[in-house]
Amino acid sequence: MSPFLDLSAWQMAFFVLDYAIKIFAIGFVPEGRRPSSSTAWLLAILLLPFIGLPLFLLMGSPQINRRRHRIQQEANDAIDDAHKDVTDHPFEELEAEVESIIKLNRHLTGFPAVIGHNLGIHADYRKSIQAMADAIDQAQRYVYVEIYITSWDETTDPFFQALARARQRGVEVKFLFDQIGSLKYKGYRTLGKRLSEIDVDWRLMLPLQIHKARFRRPDLRNHRKLVVIDGERGFIGSLNLIKREYKTTDRYWIDYMVELTGPIVVSLQAVFAVDWYTESGEYIEMLTELEDTGETPDTNYVQLIPSGPGYSTVPNLRMFISLIHHAKSRLIICSPYFVPDESLLDAVTTACYRGVRVELYVSQRADQFMVDHAQSSYYQSLLEAGIHIYQFPKPFVLHSKFVLADPDAGRADPEETDEGIRLKSHPLAAFGSSNLDMRSFGLNYESTMLVAQGDLITEFNELAANYRAVSHELTLEEWNKRGFFRRYIDNVMRLTSALQ
């Protein structure tokens, strides 16, 4: 047989396979995906079919395996059962719009709004870690820790020493940390051994276990940051257990943790219990809600919103969008990674067009190259809509995450009605581990807390004012001076951010 015929046969085979891949992709990829995600994946497959298709098969689905999905469903049923006698919220009367947001969160996650007592926002990096260590030193029964990135270094040593002292007192300690999130940091290989040496019961979150025939999308993460002590005190926020510089020598992370007591800690423990059972197969008792009249100045009405691949309804995204639409006069968004999907981008710009003052707080330079450029690809449309972008200066990395809707209402925004003075808008806040990016909405397990009333809203507003005081406001005129190469890289990275 002629080699030319052999060559033609191979060419024909590749031609047929190439078109078969493309036809398959066109009919299969868009199913259940956002338009931007579908477009990005189709572009990758149509341009580079023999690279794009394997990547899609490896990373194209955010769905967890059947075992994790079953556990999540069982957990949701258990949470519903534990809260079956608890009303949606503790208010006697509540504005209909706010009540609808709480009901949305309850429907999607099972958690009601309850009372939480604010013991403070710990916004100093080292003092945050020390505050958690001090609380652990008071533990009498158990300590549950769930932190995305964990490293035992000179900064976090007080925390681990507190865990060691707790074990010496006979206090039960359980610890969860993300395998991939912690893998690249110093001391990871010996971290498990060191935890075992102080008698801490620990597990990896979302471990890659190919040897056990358990496959999952390799870039899924458990991004939560929670600490629960005796079911009575809890911490939630943005801080990872690692030195402030992470792997750098010249960057410094800005974070916070919120310390709470009261019934909300029961919700925090329920989230930990589900994640612990998922990774260990061991049950932790689901606590019932504590009685609390909420008659102290530190009382806040709060609601926990867990989210992640186990939730097909993206509860955090829907909650954030609801808060944005709720804003009437001022909206504050603080997120280290602001990479919105179409619905979030439309909500933010629409708020601005409605006359809301929208403030976005980001780092002058994010800690990740791809995210930094993907994020900045949205600045043009945001600035043109009238959004105020505040850039926290280098060498700091603004890693705090929170959203405030009308935080000033109640002090300077009242109006007179036939029934007397009432607020034009009910102030709301949301804070926790979730960024406002597509990864946090679809690929990361997150924990976010809605604040429907209380001094936490005021304290986060003050924190935003502190950030604003040291930040540079980016203007449209300044942004239009960026070069062609910067525009090109931004747009390429924007496309890759949609590959979910």
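Okay, so let's go over this structure. (Residues numbered from 1 in each chain as written. Predicted model: local features only at pLDDT ≥ 70, side-chain atom pairs only at ≥ 80, totals over all residues. Heavy atoms only, no water.)

**Some thoughts on the nonpolar core**
Moving on, step 1. Among the nonpolar cores identified, the biggest contains 53 residues, and Leu344, Val348, Leu382 and Ile389 are the most heavily contacted of them.
Moving on, step 2. In contact with leucine 344, not counting residues within four places along its chain, are Leu317, Ile321, Ile324, Phe338, Leu436 and Phe441.
Moving on, step 3. Within the second largest apolar cluster, 44 residues are counted, among which are Tyr142, Leu260, Leu398 and Ala429. (Core = buried A, V, L, I, M, F, W, Y, C linked by side-chain atoms within 4.5 Å. Buried < 20%, exposed > 50% of the residue type's maximum accessible area, 1.4 Å probe, protein only. Contact = heavy atoms within 4.5 Å.)

**Some points on unusual backbone geometry**
Moving on, step 1. A cis amide bond, omega 10°, links lysine 394 with the succeeding residue proline 395.
Moving on, step 2. If you trace the backbone, proline 395 turns up in the loop between β14 (388–392) and β15 (396–398).
Moving on, step 3. Even without being glycine, tyrosine 246 reaches a positive phi, approximately 50°.
Moving on, step 4. Residue position: tyrosine 246 is located in the loop between β7 (233–237) and β8 (252–254).
Moving on, step 5. Notably, valine 314 is not glycine yet its phi reads approximately 40°, a positive angle. (Helix = DSSP H or I, 4+ residues; strand = E, 2+ residues; numbered from the N terminus.)

**Here's the deal with the pairing of strand β3 (residues 172–178)**
Moving on, step 1. Counting buried positions along β3 gives six out of seven residues, so the element sits mostly inside the fold.
Moving on, step 2. Where strand β2 (residues 142–147) meets β3, six bridges bridge the pair, whose relative direction is parallel. Within β3, the residue paired with isoleucine 147 across the bridge is phenylalanine 177.
Moving on, step 3. For the segment spanning β2, helix α7 (residues 157–168) and β3, crossover handedness is right-handed.
Moving on, step 4. In this structure, β3 lies alongside strand β4 (residues 201–205), joined through five bridges in parallel fashion. Bridging across to β4, aspartate 178 finds its partner in methionine 205. (Pairing = 2+ DSSP bridges. Right-handed = clockwise from strand over helix to strand, strands pointing away.)

**Side note on the pattern of salt bridges**
Moving on, step 1. Scanning the model with the defined rule gives 17 salt bridges in all.
Moving on, step 2. Notably, a salt bridge pairs arginine 106 with aspartate 88, separated by 3.0 Å at the nearest N-O pair. With arginine 106 in helix α5 (residues 96–109) and aspartate 88 in the loop between α4 (66–82) and α5, this residue pair connects regions lying 18 residues apart in the sequence.
Moving on, step 3. For arginine 106, a relative accessible area of 15% gives the class buried.
Moving on, step 4. Its relative accessible area of 25% is what places aspartate 88 among the partly exposed residues.
Moving on, step 5. Among the ionic contacts, a cluster of salt bridges with common partners joins Glu172, Lys174, Asp201, Arg203 and Glu282. (Salt bridge = Lys/Arg side-chain N within 4 Å of Asp/Glu carboxyl O.)

**Considerations on the layout of surface pockets**
Moving on, step 1. Considered as a void within the structure, the largest pocket measures approximately 1,100 Å³ in volume.
Moving on, step 2. As for the largest pocket, its lining consists of 42 residues, and the residues nearest its centre are Arg221, Gln368, Met370, Val371 and Arg439.
Moving on, step 3. Broken down by secondary-structure element, the contributors of at least two residues to the lining of the largest pocket are α3 (49–59), α8 (179–183), α13 (369–376), α15 (438–442) and α18 (484–497). (1 Å grid on protein atoms, 1.4 Å probe; cavity = no way out; pocket = protein on both sides within 12 Å on 5 of 7 lines; lining within 4 Å. Points joined across faces, edges and corners; volume = space filled by probe spheres on them.)

**So, empty space enclosed by the protein**
In this approach the atoms are scanned with a rolling probe the size of a water molecule, which exposes any empty space left behind.
Moving on, step 1. Enumeration according to the criterion identifies four cavities of 30 Å³ or more in this entry.
Moving on, step 2. Of the voids in this model, the largest cavity is the one considered here, and its volume is about 110 Å³.
Moving on, step 3. In terms of lining, the largest cavity is formed by eleven residues, of which the most central are Arg68, Gln72, Asp275, Thr278 and Tyr445.
Moving on, step 4. When contributions to the lining of the largest cavity are tallied by element, the ones reaching two or more residues are α4 and α10 (264–280).
Moving on, step 5. In terms of residue count, the dominant contributor to the lining of the largest cavity is α10 (four residues).
Moving on, step 6. For the lining of the largest cavity, a count of residues per class yields five nonpolar, three polar and three charged. (Nonpolar A, V, L, I, M, F, W, Y, C, P; charged D, E, K, R; others polar.)

**Some thoughts on the packing of aromatic side chains**
Any pair of aromatic rings gets described here by the distance separating the centres and the angle formed by the planes.
Moving on, step 1. Summed over the entire model, instances satisfying the criterion amount to 25 aromatic pairs.
Moving on, step 2. For the ring pair phenylalanine 91 and tyrosine 301, a centre distance of 4.4 Å and an interplane angle of 70° mean the geometry is edge-to-face. Within this pair, whereas phenylalanine 91 is found in the loop between α4 and α5, its partner tyrosine 301 is found in strand β10 (residues 299–307), the two being separated by 210 residues in sequence.
Moving on, step 3. Classification of phenylalanine 91 as buried rests on a relative accessible area of 11%.
Moving on, step 4. Ring geometry for tryptophan 152 and phenylalanine 160: centres 4.6 Å apart, planes at 15°, overall stacked.
Moving on, step 5. You can call tryptophan 152 buried: its relative accessible area is 11%.
Moving on, step 6. Using a relative accessible area of 0% as the deciding quantity, one classes phenylalanine 160 as buried.
Moving on, step 7. Chaining the aromatic ring pairs together yields one cluster made of Tyr252, Tyr256, Phe392, Phe396, Phe402, Phe431, Phe460 and Tyr467. (Phe/Tyr/Trp six-rings, centres within 6.5 Å; stacked < 30°, edge-to-face > 60°.)

**A short note on helix α11 (residues 315–326)**
Moving on, step 1. For α11, with twelve residues, the first-to-last C-alpha span of 16 Å sits near the 16 Å given by 1.5 Å per residue.
Moving on, step 2. α11 sits mainly inside the fold: ten of its twelve residues count as buried.
Moving on, step 3. Among all positions of α11, only Pro315, Asn316, Leu317, Met319, Phe320, Ile321, Ser322, Leu323, Ile324 and His326 are buried. (Expected span 1.5 Å × (residues − 1).)

All quantities given are derived from atomic positions and should not be read as evidence of function.
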